[in-house]
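Letter by letter, the chains look like this.
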Amino acid sequence: MKYLTEFRDGEIAQRIATEIRQVTTQPWAIMEVCGGQTHSIMRNGIDQLLPPEIELIHGPGCPVCVTPLEVIDKALAIAATPGVIFCSFGDMLRVPGSDRDLFRVKSEGGDVRVVYSPLDAVSLARQHPNRQVVFFGIGFETTAPANAMAVHVAKREKLRNFSMLVSHVLVPPAIDAIMRSPVNRVQAFLAAGHVCSVMGFWQYPMLASTHQVPIVITGFEPLDVLEGIRRTIAQLERGQHTVENAYARVVTFDGNRPAQELLEQVFTVSDRAWRGIGIIPNSGWRLSEAYRDHDAEYRFDVTGIHTQESALCRSGDVLQGTIKPTSCSAFGAQCTPRTPLGATMVSSEGACAAYFNYGRTVQLQRAGSAR
Amino acid sequence: MCLAVPGRITSIYDEGAMRMAKLDFGGITKNVCLAYLPDAVVGQYAIVHVGFAISLIDEASAQETLHHFRSLGILEEELGEVADEDYAPPPPCPVPSQATSLS
Amino acid sequence: MSTIAEQQPVVTSMEEWSCPLPLRDYPSIVMGHGGGGQLSAELVTHLFRPAFAPGDTSALTDSTVLMLPGQRIACTTDTFVVQPLEFPGGTIGSLAVHGTVNDLAMSGARPLVLTAGFILEEGLPMAQLARIVHDMARAAREAGVRIVCGDTKVVERGHGDGVYINTSGIGVLDDDVHIAPDRATVGDVVLVSGSIGDHGMAIMSQREGLEFETAIISDSAPLNGLVEALRTAVPDVHVLRDPTRGGVATSLNEIAADAGVGIMLEEQALPIRPAVRAACELLGLDPLFVANEGKLLAIVPADAANTALSSLRSHPLGTDAAIIGEVVTDHPGMLVARTGLGARRVITMPIGEQLPRIC
């Protein structure tokens, strides 16, 4: 596949890795913000090519992991409402709420449907005018334009039966919050390439200079991730802290203006609770007043929800990089991918799930397999 | 949030008020919403996330990046530098059969 | 059967089949078709029997008596609930035949006969049922098996998905063959008979909201001929498995766990059609977990690997066969893959169904 396959070349990956090794002289902790980057690292074994001095901390860039428990519980309540067609991206189906997940709701009679695009949910609303169709609008800035267009189209076509449960989260405030944490260990960031393809990267120079951290806009294919790491280490070794764009074929400084214009119209910035982390001010988007008629939070009575997070779960500490999953007492015991206590174990790029599988790979290497 | 895949725009059309395009992803084609790339034309590449094209691919930039990658390490090879022994790359995979892409 | 049913013309040739008179009265299935009376009999006489046993006009009995050669009998059962009922490359009918034939073939058995139980939903269009039944009959003919008994029930509208099919299969083991996971031995080589992920992505391409205009066709096929070709060239095949639900990853995990051995997979060696690869990329799916319905995994001794490979490749269903891995002493019970970067990743069993992702 063009513009994909070329950026997976194993031989070139080794060369970039060699360059990284040659410039690394001391330990560094880098956070990759985006869950998609975590996935790529785990899937390709990119971390196995890096020198041991480099620690990759998996950031809270997985909407599955950070969507607040209260929002999940609201989603479950709406999905369980008779007559509702509840549409969601596949990622959210297994996320545990206080006492169940969307799969359970489906098995108990809820009409829960996986869709590829929010526009598919809008189609369903057209096809079923007598039923309430609700779309679970989660994600970072990358997904927001799609969600915005869906609710914009529904409003334009007066699809009264369509509404969206919105819980968007924003990357720059998260980076800011992580850097302000007293127990922060992150020294540099690989910024999320596709978030930046929408938003540009004009928000990052302020963060880089305020917190004195290099921020390198990074893509997702193995060569992109390695190049992002290479540039980051080069900056760290030289004591620099600027914003660099290592994903120039897709990301521009300004980003996608038409998308940003609709985003401003459809969404309003709000405080947002990040599951496990807590409230980060101005770190989320909710539907604006103009789209209130299609806001599922107002359409459905979802008050009176009593959220109950597992007492054992330490997702929040993991998401901020302050502990490794292996330090959690429940890790591998009460909490496994099969029986997850928190979102970081459910998501395939949640740090805990990644460690659970990655850890088995580490065992292989320690056992001295020579291959 | 970040799964976006590159495809080539093969046609552009309108579906009601919505600007749409058919993209070729190298073996499959899918219709996606092109509303966010009003200046895109047939033949260009775009990345697609959940049914929306969100950015064009700057092909010149892509080629430049690949060129840079391909020239890495060449100087060291020419000068006969020895690779660090602790980090010898793993032996080449035993190549048992044909390439993975089937026509 | 009642006398009235016997007086109706019986269609014996499928090429000439058009909805015969008694069935024409009912363009779709009604509850009565499952009642055991005239309507049930008409379905058997005018649809099932001409399709599965053309020309056979012997009396129907409660059970079929078989003379089976040999003493070691293999039997299997499977139930099919696929949606949509008709998809590029097949129908639930042909899938049912192939799935059952393949289960028998994976033990090294020669498939002989199948049973077919149908659960039909009230309102199912008769024309669609006919297409499925004819497709099933064609699949059975091509696989060289007979469908020798059957049953039909009808459930009320809304209580079924159009058609569910249960099949059992009986086959015979012609020799002392023992093909099973416990024969996987360190040093053995793992082969796959062709491209992976075709069936699962063909189905996915039809699902609402996940439509592509695509050339992905299900690989649904009977593998008994392929197995025979392989075993003729390599009598000592250790393990055979058809990687259906859960894909190659699930099958190899099961074998590794059952045998207590490690399996090392070369990702770059996996045959994957460009369209399947592209569809998986778009949806965030890993082809290793996607279902196949016309492929087999074979584990053979290392010195037989090349012979196995050429015998598979010489057969029409195995032209894209490849060596994809080996059985190792390391990481017993686990499936590990070498990635395109030369790094390694553990491939675990999926918890449930693999779903498209955005992240």
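This one's a predicted model, so the numbers in the text were calculated from it and none came from an experiment. (Residues numbered from 1 in each chain as written. Chains lettered and ligands numbered in written order. Predicted model: local features only at pLDDT ≥ 70, side-chain atom pairs only at ≥ 80, totals over all residues. Heavy atoms only, no water.)

1. Considerations on the overall build of chain C
Stage number 1. A tally of helices and strands in chain C yields 10 helices and 14 strands.
Stage number 2. Relative to the compact-globule value of 21 Å for 359 residues, chain C shows a C-alpha radius of gyration of 22 Å, a close match.
Stage number 3. Here the C-alpha coordinates of chain C stretch approximately 70 × 50 × 30 Å along the principal axes.
Stage number 4. Residue burial in chain C is summarised as follows: out of 359 residues, 58% are buried.
Stage number 5. Taking contacts inside chain C between residues at least 6 apart in sequence as the whole, the part at least 24 apart equals 84%.
Stage number 6. Surface exposure of chain C reaches about 14000 Å², of which carbon and sulfur atoms provide 51%.
Stage number 7. For chain C, the separation between the mean place of its 23 positive charges and that of its 42 negative charges on side chains is 3 Å. (Helix = DSSP H or I, 4+ residues; strand = E, 2+ residues; numbered from the N terminus. Rg over C-alpha atoms; globule rule 2.2 N^0.38 Å. Buried < 20%, exposed > 50% of the residue type's maximum accessible area, 1.4 Å probe, protein only. Contact = heavy atoms within 4.5 Å. Areas by Shrake-Rupley, 256 points an atom, 1.4 Å probe, with all protein chains shown as cover. Lys, Arg positive; Asp, Glu negative; His and termini not counted. Charge placed at Lys NZ, Arg CZ, Asp CG, Glu CD.)

2. Points about the pattern of salt bridges
Pairing of side chains with opposite charge becomes possible as their charged atoms draw close.
Stage number 1. Going through the model one piece at a time under the given rule, you end up with 37 salt bridges over all chains.
Stage number 2. A salt bridge links Arg 43 of chain A to Glu 267 of chain C; the nearest nitrogen and oxygen atoms lie 3.1 Å apart. In this pair, Arg 43 of chain A sits in helix α2 (residues 35-44) while Glu 267 of chain C sits in the loop between β10 (262-266) and α9 (274-283), so the two residues belong to two different chains.
Stage number 3. Under the relative-accessibility criterion, Arg 43 of chain A is labelled partly exposed at 26%.
Stage number 4. A relative accessible area of 11% means that Glu 267 of chain C is categorised as buried.
Stage number 5. One salt-bridge network, in which partners are shared between bridges, spans Asp 198, Asp 219, Arg 273, Lys 295 and Asp 320 of chain C. (Salt bridge = Lys/Arg side-chain N within 4 Å of Asp/Glu carboxyl O.)

3. Topic: the interface of chain A and chain C
Stage number 1. At the junction of the two partners, chain A supplies 45 residues and chain C supplies 32 residues.
Stage number 2. For the pair chain A and chain C, the two sides together bury roughly 3100 Å², of which 59% comes from carbon and sulfur.
Stage number 3. Across the pair Glu 281 of chain C and Arg 8 of chain A runs a salt bridge whose closest N-O atoms are separated by 2.8 Å.
Stage number 4. Our enumeration of links across chain A and chain C arrives at seven residue pairs in polar contact (both at pLDDT 80 or more).
Stage number 5. Those elements that provide at least two residues to the side of chain A that touches chain C are α1 (10-23), α2, β4 (111-114), α6 (118-127) and α16 (351-366) of chain A.
Stage number 6. If one sorts the elements of the side of chain A that touches chain C by residue count, α2 of chain A sits on top with six residues.
Stage number 7. Each residue belonging to the side of chain A that touches chain C can be placed in one class, and the counts come to 18 nonpolar, 17 polar and 10 charged. (Buried area = accessible area lost by both parts, 1.4 Å probe. Polar contact = N/O pair within 3.5 Å; in protein donor to acceptor, adjacent residues only side chain to side chain. Nonpolar A, V, L, I, M, F, W, Y, C, P; charged D, E, K, R; others polar.)

4. Remarks on the state of the cysteines
Stage number 1. In the structure shown here, the tally under the stated rule is one disulfide over all chains.
Stage number 2. Sulfur-sulfur distance for the disulfide between Cys 34 of chain A and Cys 2 of chain B comes to 2.3 Å. Here Cys 34 of chain A, found in the loop between β1 (28-32) and α2, pairs with Cys 2 of chain B, found in the segment before β1 (5-15), and the two come from separate chains. Neither residue differs from the other here; Cys 34 of chain A and Cys 2 of chain B are each classed as buried.
Stage number 3. The thiol of Cys 313 of chain A is unpaired, and the distance to the nearest cysteine sulfur, on Cys 335 of chain A, comes to 6.3 Å.
Stage number 4. You can call Cys 313 of chain A partly exposed: its relative accessible area is 22%. (Disulfide = S-S within 2.5 Å.)

5. Examining the sheet that holds strand β13 (residues 335-338) of chain C
All names here are of chain C.
Stage number 1. Reading across the sheet, the seven strands line up as β9-β11-β7-β12-β10-β13-β14 and stay open at both edges, with mixed pairing between neighbours. Whereas interior strands pair on both sides, the edge strands pair on one side only; in this sheet they are β9 (239-241) and β14 (344-346). Across the sheet, the axes of successive neighbouring strands diverge by a mean angle of 25°, strand direction being ignored.
Stage number 2. Both β13 and β14 contribute to a ladder of three bridges, which runs antiparallel. Looking across to β14, one finds that Val 336 is bridged to Val 346. (Pairing = 2+ DSSP bridges. Axes fitted to C-alpha atoms, helices over the stretch in contact; angles between N-to-C directions.)

6. Observations concerning the side chain of Arg 230 of chain A
Stage number 1. Mapped onto the fold, Arg 230 of chain A is located in helix α11 (residues 222-238).
Stage number 2. Ignoring anything within four residues of it in the chain, the contact list for Arg 230 of chain A reads Ile 16, Glu 19 and Ile 20 of chain A together with His 68 of chain B.

7. Section: the pairing of strand β11 (residues 297-300) of chain C
All names here are of chain C.
Stage number 1. Side chains Leu 297 and Ile 299 of β11 all project onto a buried face; the interleaved residues Ala 298 and Val 300 project onto the opposite face, where all are buried too.
Stage number 2. As defined by bridge partners, strand β7 (residues 189-192) adjoins β11 across four bridges and the pair is classed as antiparallel. When the sheet's bridge partners are listed, Val 189 is paired in β11 with Val 300.
Stage number 3. Sheet topology places β9 next to β11; three bridges connect them, and they run antiparallel. Within β11, the position partnered with Arg 241 by the bridge is Leu 297.

8. Notes on the interface of chain A and chain B
Stage number 1. Contact residues are listed per partner, giving 51 residues for chain A and 44 residues for chain B.
Stage number 2. Here chain A meets chain B over a buried area of about 3900 Å², counting both sides, of which 68% is carbon and sulfur.
Stage number 3. Three residues, Tyr 3, Arg 15 and Tyr 116 of chain A, lead the burial of chain A against chain B; their summed loss comes to 18% of the area buried on that side.
Stage number 4. Taken together, the links from chain A to chain B amount to 13 residue pairs in polar contact (both at pLDDT 80 or more).
Stage number 5. Looking at the side of chain A that touches chain B, the elements that each hand over two or more residues are α1, α2, α6, α7 (144-156), α9 (193-199), α11 and α12 (257-266) of chain A.
Stage number 6. Class assignment for the residues of the side of chain A that touches chain B results in 31 nonpolar, 11 polar and nine charged.

9. As for the nonpolar core
Stage number 1. The biggest cluster of nonpolar side chains holds 139 residues, and the ones touching the most others in it are Phe 162, Phe 189, Tyr 204 and Ile 229 of chain A.
Stage number 2. At eight residues, α7 of chain A tops the list of elements feeding residues into this core.
Stage number 3. Not counting the four nearest positions on each side in its chain, Phe 162 of chain A is found in contact with Ala 121, Val 122, Ala 125, Val 133, Phe 135, Ala 150, Val 151, Ala 154, His 294 and Arg 299 of chain A.
Stage number 4. Judged by nonpolar contacts, the second largest core, of 56 residues, contains Val 48 of chain B together with Val 190, Phe 212 and Leu 252 of chain C. (Core = buried A, V, L, I, M, F, W, Y, C linked by side-chain atoms within 4.5 Å.)

10. Observations concerning the confidence of the model for chain C
Stage number 1. In this model, chain C carries an average pLDDT of 90, and 92% of its residues clear a pLDDT of 70 or more.
Stage number 2. pLDDT under 50 marks residues 1-16 of chain C. Its contacts with residues more than four places away, or in other chains, come to 19 contacts. (pLDDT = per-residue confidence, 0-100.)

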